[in-house]
Each structure stands twice: as C-alpha cells, then as structure tokens.
Amino acid sequence: MPLDPGCLNGRVMKCLTFFLLLPETLKKSRKSARAQGKVQACYEIVPLALKKKMAAELYPASANTNIANSNAAANAKKNALQLQQAAPPPPQLHNLNNNNIESGNWQSFHPTLRERNALMFNNELMADVHFIVGPAGASKKVPVHKYILAVGSSVFYAMFYGDLAEVKSEIHIPDVEPAAFLILLKYLYSDEIDLEADTVLATLYAAKKYIVPALAKACVNFLETSLEAKNACVLLSQSRLFEEPDLTLRCWEVIDAQAELALKSEGFCEIDLQTLEIIVTRETLNTKEDVVFEAVLNWAEAECKRQGLSITPVNKRNVLGKALYLVRIPTMTLEEFANGAAQSDILTLEETRSIFLWYTAANKPQLEFPLIKRKGLAPQRCHRFQSSAYRSNQWRYRGRCDSIQFAVDKRIFIAGLGLYGSSCGKAEYSVKIELKRQGAVLAQNLTKFVSDGSSNTFSVWFEHPVQVEQDTFYTVSAILDGNELSYFGQEGMTEVQCGKVTFQFQCSSDSTNGTGVQGGQIPELIFYA
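Bear in mind the structure is a predicted one, so any value in this text is a computation, not a measurement.

Caption draft 1: Examining the overall build of the chain more closely. The helix and strand inventory of the chain stands at 17 helices and 17 strands. Within the chain, the fraction of its 529 residues that count as buried is 42%. Within the chain, counting contacts between residues at least 6 apart in sequence, those at least 24 apart form 71% of the total. When the accessible surface of the chain is split by element, carbon and sulfur atoms take 54% of a total near 29100 Å².

Here's what the structure looks like:
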C-alpha cells in the first residue's frame, strides 16, 4: 500500500531531527561519563548550525519546496565558499618573549625545518624548560626546547639527556649575559649569527662554555676585524683566557706595531696583572721606555681604584709587585728619566740615586731593572722603481701633489715613506705626507728631512704606524717644498714582492705633479709586517 507523501516527509524529518540532535546527546553523555570517572571515545563534533544547513541541502522538507530549497542550498554553498575565500588570515597569538605564532595550521606556512625551528627561538610554545640567565637582580627568563639545544651542543645534551641530566623546570646560569645567551640560542635554532661589538666577548664566553665551535670561530673573526690599538690589550687578555691562539697573535701584531697607542689606551688600564707583566716583558714593543713606564703607572692607579685603595706611591708599588721591575728604566735617556720616572715618587730614594749613578758614574751600581734595550720592530721597505735619474728640468716642486695608490695581500702597518731628495747637493725639504682610504684621511704628518745630494731615499714618518687591510687600495701622497730639482724614479713596477707581502701599484687621480706607476716620487713605502 503506497504511503502518503505527507507521512513519508514527516518520518524523514523525524529521522533527520534524531541525527541532528545526536551530537548534543553525546556531549551530555560524555560530560556525565567524565563526572563518573569513565573514559569515552573521541568524536568529531560538527556545529549544529552547519548540520542543519547540510540536512536542508540533502533532504527537502516537501515536494513543493524542492526547487526553492535546492536554490537556497546552492546559494548557501556559494556564500560559504565566498566567506571562506575572503576570510582574514588566522589571528596571531603574541608571544611576550619573541615570535608571533599563527594559530591553527602555522606549520603549513613554514615549509622548511630550519624555518620551523627558528620560529621556536625564545618561544613559550612547546618549551619544556626555562633558563634564568644573568646575575641576580638582572636575570632574564628564557624558554627553550631541550631537543634543539641538545643536537647543537654536547654540553646541553649532557645537561638534558646524560646520566646526570637536570630534572628541574628552571635552570640558573648566573655567569652568562642574557644578550649573549640569546645570540647563542639564535644560532642553535636557526644557524643565524648576529654579533655586536658590545656583546661579542660575552658571546665568545658562552660559545666556549657550551662548546659551540662555529659560533666561537665567528666571534674570533669578528674580533679580528674590529681589532685596533685601543682595544688590543683587552682582547689580548681575553684571547689568553679563551685560549684562542690566532686572536692572540693578531693582538700582538697590533700591540707591537702600534705600541704607543695601545699602551696609552683606556683598555690597557683594564687588563689583569698577569697580562700586564706579559706586555711589559715584550721584546718587540715598538715604543720608547718612558711610554712603557707611564702606562704602568696609569694601570697601577686604575688598579688602586678597583681595589678601593687610596692612590699613593706605596699602594701603587704594592699593586704592581714585581711588574714595576720589568720596566727597562735604565734604557731611557738621562733626560727622559730625569723628567719622568725620577719625579714619579714611585721609586725609592735609593733606587733613584742608583739609577742616576748608573747614567753618570764610571763605577756603575747594581740595578734591579733590566738593562738591555728592547729590540722593537725592524721596518721593512718596498721599493717600486728599478732605477732613478735627474735632469736639468725635472723633478720640480711648486706645491703640487705627488701621489700613488697601492694594495697589499696581507695586513701590514704603514709607518712612513721614502722620498727622493735634491739632485743639486745638500738641501732641506718641508713635506706633508698623507695616507687615505676611499677619500678618508687615515694619517698625515707635516715634517722635514735633509737630503745629501745623493740618489738615496730619505725617510719621513707618520706619527703612529697605520694598520692597512689586505685587498683594498690606499692612497699615499707627498707635497714637498724645497729645492726646485730632485731625483725621480724610473722603470716603475705594478707589482712588488717584499718578503711575504705582495704590493700592487696603480696611478692616483690625486697626483698633480706627474708621479705615477712608471716614474716620479714616493719610491718607497716603509712598513711593519
């Protein structure tokens, strides 16, 4: 017997209602089960409104409304697709520490493992331990992920997964600066190295402590490129502490060649006593002994302040200890001693008397100070001409500039220039010499020299040697004022090998007096290497 269409539709609607209400019933039963301690299976709960829409699409309410409901369903489906396409990106959960993590399917937006790991840097998401970094009162709480740290450092592996692994949720590291620790973590999470001058030493300490050699090497390279006279003594002290022989060698290169600048720097007063003693005993310090003595006194004064002592001659002698007797006072000239060390009050009356007698008496007394003068550094000379000459109408000086450009394949220190003198007998010249890099003046000096009428070169010096980096062109210039005629160079070379250093020469646009690669003035560059 055929069923009445109205009855059939009614039964369908009852069944549909039952299925629509089923998730709500299951929710209530699960809540009840939780209250009774029972474990329920997991179900995927679809929102009720969406189910009603799906039911309306699949089961029309009556035959008379089939077309209307079908159109409504199509429109609803179309609207849903438009809403889905126009929906804004998922809201971001702002992490107070560092990264912004997209809610939901954030992994899909970061296709590489490196990107996803980098997103976890300094991030609370999935962090399983925290470090309290820095001294008490200035510490920072940093979230980390054990696995990432363990695969990047053997120290962290032992800390988290070794036989004596840490089980605490917070680990204190009072001896590492927070900024340096974050630089270390950033490298472990993303391979990115972001070094800064203010924190590079602290970062090197952290890299050494947690045995991350690639980061430590990057720190050393950074320090080498930023090394100069004013920080060379401090970096020497640190390089010895961190056992970095390459950095130590670079520090000595700078300290030896630019000894006066290094010893007069504020950084010299910050070194430890052992480093002070090592520097003062250095045979190749390229400076006068009165400069060394003055630097030692400045260090003693700074050390008294660090120890909270009043600055008196007795306290300065006490903090120096045997370091005072490493200064080679007898190698000063009598005038330097009389105007300096003798009036410093740090020497006893007996020591001052004995040193004066050592200078003047035939029967010299015994002294506790070293008597042999330091060797210093022997300057090297790069000669760029194969011959020299003079003519009746050359080489003239009327305030014009002689200039040449050069580059080297190793780091050196330019100390001065060798210049040709008069071709008409003994003569005195005033000269302004200058060293520039990309138009910036690095050093200049106004001085004089006397030539003897020969074709020899005569040295003029900058006030302090200047560090010259490899593979970069520099410009040296000389403006002479004196006898109209002088010798000049011929058969110039574009490349000259001088010891272990190779020089390359090219013409300079600053040269207005005829000097170039093939001939002219500035036959020699004087340098330390």
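Caption draft 2: The arrangement of the pattern of salt bridges in detail. By the definition in use, this model includes 19 salt bridges. Note that Arg114 and Glu192 form a salt bridge whose closest N and O atoms lie 3.6 Å from each other. With Arg114 in helix 4 (residues 113-119) and Glu192 in the loop between helix 7 (178-190) and helix 8 (200-209), the pair connects residues that are 78 residues apart, well separated along the chain. On the basis of relative accessibility, which here comes to 44%, the residue Arg114 falls in the partly exposed class. One salt bridge in this structure joins Asp510 and Lys436, with 2.9 Å as the shortest N-O distance. Of this pair, Asp510 sits in the loop between strand 16 (501-507) and strand 17 (524-528) while Lys436 sits in strand 10 (residues 427-437); the two residues are 74 residues apart in sequence, bridging distant segments of the chain. The exposure class assigned to Asp510 is partly exposed, which follows from its relative accessible area of 28%. Overlapping salt bridges, with partners in common, bring together Arg114, Lys186 and Glu192 in one network.

Caption draft 3: Spatial organisation of helix 14 (residues 289-306). Along its 18 residues, helix 14 runs 26 Å from first to last C-alpha, staying within 8% of the 26 Å computed at 1.5 Å per residue. Among the residues of helix 14, Glu289, Val291, Val292, Phe293, Ala295, Val296, Leu297, Trp299, Ala300, Ala302, Glu303 and Cys304 are the ones counted as buried. Directly beyond the C-terminal end of helix 14, a positive phi value near 70 degrees is found at Gly308.

Caption draft 4: Region of interest: the packing of aromatic side chains. With the rule as written, the count across this model stands at 22 aromatic pairs. A ring pair is formed by Tyr205 and Phe242, whose centres lie 6.4 Å apart and whose planes are at 45 degrees; its orientation type is tilted. In this pair, Tyr205 sits in helix 8 while Phe242 sits in helix 10 (residues 229-242), placing the two residues 37 residues apart along the sequence. Residues Tyr397 and Tyr429 carry aromatic rings whose centres are separated by 6.1 Å and whose planes lie at 85 degrees to one another, so their mutual orientation is edge-to-face. Within this pair, whereas Tyr397 is found in the loop between strand 7 (385-389) and strand 8 (402-408), its partner Tyr429 is found in strand 10, the two being separated by 32 residues in sequence. For the pair Tyr397 and Tyr429, one class covers both residues: buried. Aromatic ring contacts, followed pair by pair, group Phe131, Phe156, Phe160, Phe181 and Tyr210 into a single cluster. Geometry around Trp252 places Arg282 over its ring, the cationic atom sitting 4.0 Å from the centre. Note that Arg384 overlies the ring of Phe505, its terminal NZ or CZ placed 5.8 Å from the centroid.

Caption draft 5: Local environment of the packing of helix 10 against helix 13 (residues 273-280). Two elements in contact, helix 10 and helix 13, have axes separated by 10 Å at closest approach and are oriented at 115 degrees. The orientation of helix 10 relative to helix 13 falls into the category roughly perpendicular. When the axes of helix 10 and helix 13 are compared, the crossing they make is right-handed. Contacts from Cys233, Leu236, Ser237 and Arg240 in helix 10 reach Gln274, Thr275, Ile278 and Ile279 in helix 13.

Thresholds, definitions, all that
- Residues numbered from 1 in each chain as written.
- Predicted model: local features only at pLDDT ≥ 70, side-chain atom pairs only at ≥ 80, totals over all residues.
- Heavy atoms only, no water.
- Helix = DSSP H or I, 4+ residues; strand = E, 2+ residues; numbered from the N terminus.
- Buried < 20%, exposed > 50% of the residue type's maximum accessible area, 1.4 Å probe, protein only.
- Contact = heavy atoms within 4.5 Å.
- Areas by Shrake-Rupley, 256 points an atom, 1.4 Å probe, with all protein chains shown as cover.
- Salt bridge = Lys/Arg side-chain N within 4 Å of Asp/Glu carboxyl O.
- Expected span 1.5 Å × (residues − 1).
- Phe/Tyr/Trp six-rings, centres within 6.5 Å; stacked < 30°, edge-to-face > 60°.
- Lys NZ or Arg CZ within 6 Å of the ring centre and 35° of its normal.
- Axes fitted to C-alpha atoms, helices over the stretch in contact; angles between N-to-C directions.
- Parallel < 35°, antiparallel > 145°, perpendicular 65-115°, else oblique.
- Left-handed = near helix turned anticlockwise from the far one by under 90°.

Read these as geometric descriptors, not functional statements.
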